[in-house]
Structure formats: C-alpha cells, structure tokens
Amino acid sequence: MPVWLEAGAWALVGGLALVVGAAVAWFVRVPQRVVAGVMAFGAGVLVSALAFELVDEAERTGGLPATVLGFLGGAVVYVLADLVLARRGARHRKRSTGQPSEQQAAGSGTAIALGALLDGVPESVVLGASLLGGGGVGVGVLAAVFISNLPEGLSSAAGMKQAGRSARYVFGVWAGIAVASGLAGLLGALLLEGAPPQAVAAITAVAAGAILAMLADTMIPEAFERAHLLTGLVMALGFLSAFVIDRA
C-alpha cells in the first residue's frame, strides 16, 4: 500500500473516534464528570505525544530554528482562527452544555462545524507525516489522537443535542470531520514525501503548536469545569500512559 494511502487510512481511523464518541453521547446519557475525566485523560495523552513524539522528533530531524518557528506559527494561526470562530458562536463547541442554538446565534452551526475541522486537521497531518520515516504509523500519536477524539466527540455532541441540533447535523458534522481527517492525513503524507527534513520538521511543529493551543483553549477548560481538582491527576495519568506506550 502506498504510504500516502496508508496515512489517509490511519487518519480516518483517528477521526472515526469522533463519530463513536458522538454516537455514545446521542444514545447514552453519560455523566458529565465522566466525560470531563475522559477528556482530561485524553488531554494528558496528547501533551505526552507532543513532547516526546512531535516536538522532540521535529527538533532532532529539522533543527531548533525550524521547530521553534513552526511551533509558534501553528499556535498563533490556531488562536487567531479560533477567535474568529468564537465570535460566530463556536466558543463552547467542545462543551456538553452551554452551546448556542441556531436561534440564539445565527450561523453558529456552521461556525461549530468549522471549529471542529480546525481542531481535527493538525492531528491528522501529524499522523500522515509520522509514516514518512518508513517505520509505520507512530503508535503513540495514533493512540493519543484516538483517545482524545472519543471524549471530544462525546462532549461536543452532547452539547449539540442539548442545543437542539438534529441527529442529521450532529452525525453529519462528525462524519464529515472524520473524512476530512483522512484526507488531511493523506495530503500530509503525499505533499511531504521526499521533502527536506527541515520542511517536515516545520510542518510537524506547526501542527504541534496548533494542538497545544487547542488543548489550552478548549479541552482542558471543559475538563476542569466538571472534574475540578481531579483534572490534574487524571491528566497526569493520561500523560504517563502515553509515555509508557511510546517507550514500550
């Protein structure tokens, strides 16, 4: 199988976790503190993957300047795009409560969908790029994406349902994001195959910066709002679990 096709398949697998989480939220009433705990765990997993698989690898292969510039650029671009979408009704897109309905904020449905896309694309690009070294998909990154996407889809879909969004909208959004994730992974591998190490490192760092900004802006606040003082411990467990997976 071509590397770019394999990359798309793995990114699609990671994106499908969003659909699974949304289905659980739609058909099962999950306590909000459980959702928050799983989200905190997923955030810890992603932080671990960022530290040990993305930023560290980018610096070793592409050098410190490319990594620093890419990381800062990714964080800045994500925050600016997130600010625009937040003003259009997507501020609480990952929350299980408090999302606006279309009547309360016209166009918020589109903004929430675009926000979900903004959150998912960097992870998928990283998954695609992880195959370029010839050693197969990065297991730690794949686990981090899948584990973090489950509570993300669950919490956000619960908020959509509470805001009166239809099942067609909810599952259409997450299925669309899953497909877009697969395409992002595919394009990431296709466009970066044969690229200089500095370019691959810079793109990886851009995605890493965007992911960290996403965690700080959306996932961690949602987890802390419900789990409170347990958030730090659960997040630490997620970090440690991902580290053990990476080293094992």
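As a starting point, this report considers the structure included with it. (Residues numbered from 1 in each chain as written. Predicted model: local features only at pLDDT ≥ 70, side-chain atom pairs only at ≥ 80, totals over all residues. Heavy atoms only, no water.)

Some points on the overall build of the protein chain
Quick reminder of the rule: What counts as a helix is a DSSP run of H or I of at least four residues, what counts as a strand is a run of E of at least two, and both are numbered from the N terminus. Residue-level accessible areas treat just the shown protein chains as cover; the underlying method is Shrake-Rupley with a 1.4 Å probe.
Within the protein chain one finds 8 helices and 0 strands. Total accessible area on the protein chain stands at roughly 11000 Å², and carbon and sulfur atoms take up 71% of it.

Overview of the packing of aromatic side chains
Note the following rule: Ring geometry is summarised as follows: Phe, Tyr and Trp rings, the Trp one being its six-membered ring, pair when their centres sit within 6.5 Å, and such pairs are stacked at plane angles under 30 degrees, edge-to-face over 60 and tilted between the two. Working definition: with a 1.4 Å probe on protein chains only, accessible area under 20% of the residue-type maximum means buried, over 50% means exposed, and in between means partly exposed. Should the NZ of a Lys or the CZ of an Arg lie within 6 Å of a ring centre and within 35 degrees of the ring normal, that charge is described as sitting over the ring.
One pass over the structure, following the stated rule, counts 4 aromatic pairs. Geometrically, the ring pair formed by F52 and F243 is tilted, given 4.9 Å between the ring centres and 55 degrees between the ring planes. Highlighted residues: F52 in helix α2 (residues 32-62) and F243 in helix α8 (residues 230-247), separated in sequence by 191 residues. Given the relative accessible area of 29%, F52 is considered partly exposed. Its relative accessible area of 28% is what places F243 among the partly exposed residues. Through pairs of rings, three or more aromatic residues link up here, namely W26, F27 and F171. Positioned over the ring face of W26 is K161, at 5.1 Å from the centre of the ring. Positioned above the aromatic ring of Y169 is the side chain of R165, whose terminal nitrogen or guanidinium carbon lies 5.2 Å from the ring centre.

Focus on the pattern of salt bridges
The criterion, for reference: What counts as a salt bridge is simple: a side-chain nitrogen of Lys or Arg found within 4 Å of a carboxyl oxygen of Asp or Glu.
Summed over all chains, the structure comprises 2 salt bridges. Among the salt bridges present, the one from D56 reaches R60, with a minimum N-O distance of 3.2 Å. Here the residue D56 and the residue R60 both occupy positions in helix α2, the gap between them amounting to 4 residues, near one helical turn. The class for R60 is exposed, based on a relative accessible area of 54%. R60 is paired through a salt bridge with E57; the nearest N and O atoms lie 2.5 Å apart. Note that R60 and E57 are positioned in helix α2 at a spacing of 3 residues, about one turn of the helix.

A look at the side chain of S181
Our working rule: Polar contact criterion, stated in full: a pair of N or O atoms within 3.5 Å, where within protein one must be able to donate a hydrogen and the other to accept it, and residues adjacent in sequence count only if both atoms are side-chain atoms. Should any heavy atoms of two residues lie within 4.5 Å, those residues are considered in contact.
Following the sequence through the fold, S181 ends up in helix α6 (residues 167-192). The class of S181 is buried, set by a relative accessible area of 4%. At 3.4 Å, the side chain of S181 and the side chain of S124 are in polar contact. Leaving out residues up to four positions away in the same chain, S181 has contacts with A11, G15, G120 and S124.

A word on the nonpolar core
Heads up, the rule is: Note on terminology: a nonpolar core comprises buried Ala, Val, Leu, Ile, Met, Phe, Trp, Tyr and Cys residues joined through side-chain atoms within 4.5 Å.
Counting 28 residues, the largest nonpolar core has L46, L54, I211 and L215 as its most contacted members. The biggest single contributor to this core is helix α7 (residues 197-227), with 9 residues. Beyond its immediate sequence surroundings of up to four residues, L46 is in contact with E123, A144, V145, S148, I211, M214, L215 and M219. By size, the runner-up hydrophobic cluster in this structure holds 15 residues, among which are L18, A22, W174 and I177.

Some thoughts on empty space enclosed by the protein
Using the following cut-off: Here a cavity denotes grid points, spaced 1 Å and computed from the protein atoms alone, that fit a 1.4 Å probe unable to get out, and a pocket denotes an open set having protein on both sides within 12 Å along at least 5 of 7 lines; residues with an atom within 4 Å of a point are the lining. Grid points are joined across faces, edges and corners, and a volume is the space filled by probe spheres set on the points. Gly is placed with the polar residues, together with every amino acid not listed as nonpolar (Ala, Val, Leu, Ile, Met, Phe, Trp, Tyr, Cys and Pro) or charged (Asp, Glu, Lys and Arg).
Evaluation of the coordinates by the stated rule reveals 4 cavities of 30 Å³ or more. Lining the largest cavity, in full, are A11, G14, G15, L18, G120, E123, S124, L127, V145, N149 and S181. If you list the elements that add at least two residues to the lining of the largest cavity, you get α1 (3-27), α4 (108-129) and α5 (139-162). In terms of residue class, the lining of the largest cavity is made up of 4 nonpolar, 6 polar and 1 charged.

A word on a nonpolar patch on the surface
Heads up, the condition is: Patch criteria: residues need more than 30% relative accessible area and no salt bridge. Like-charged residues are merged within 9 Å; nonpolar side chains of Val, Leu, Ile, Met, Phe, Trp and Tyr are merged within 5 Å.
Taken together, the side chains of M1, W4, L5, L187, L190 and L191 make up a nonpolar region of the molecular surface, amounting to roughly 630 Å² of accessible area. Broken down by secondary-structure element, the contributors of at least two residues to the nonpolar patch are α1 and α6. Residue contributions to the nonpolar patch peak at 3 residues, all from α6. Here W4 shows up in helix α1.

Function cannot be read off these values alone, since they describe shape.
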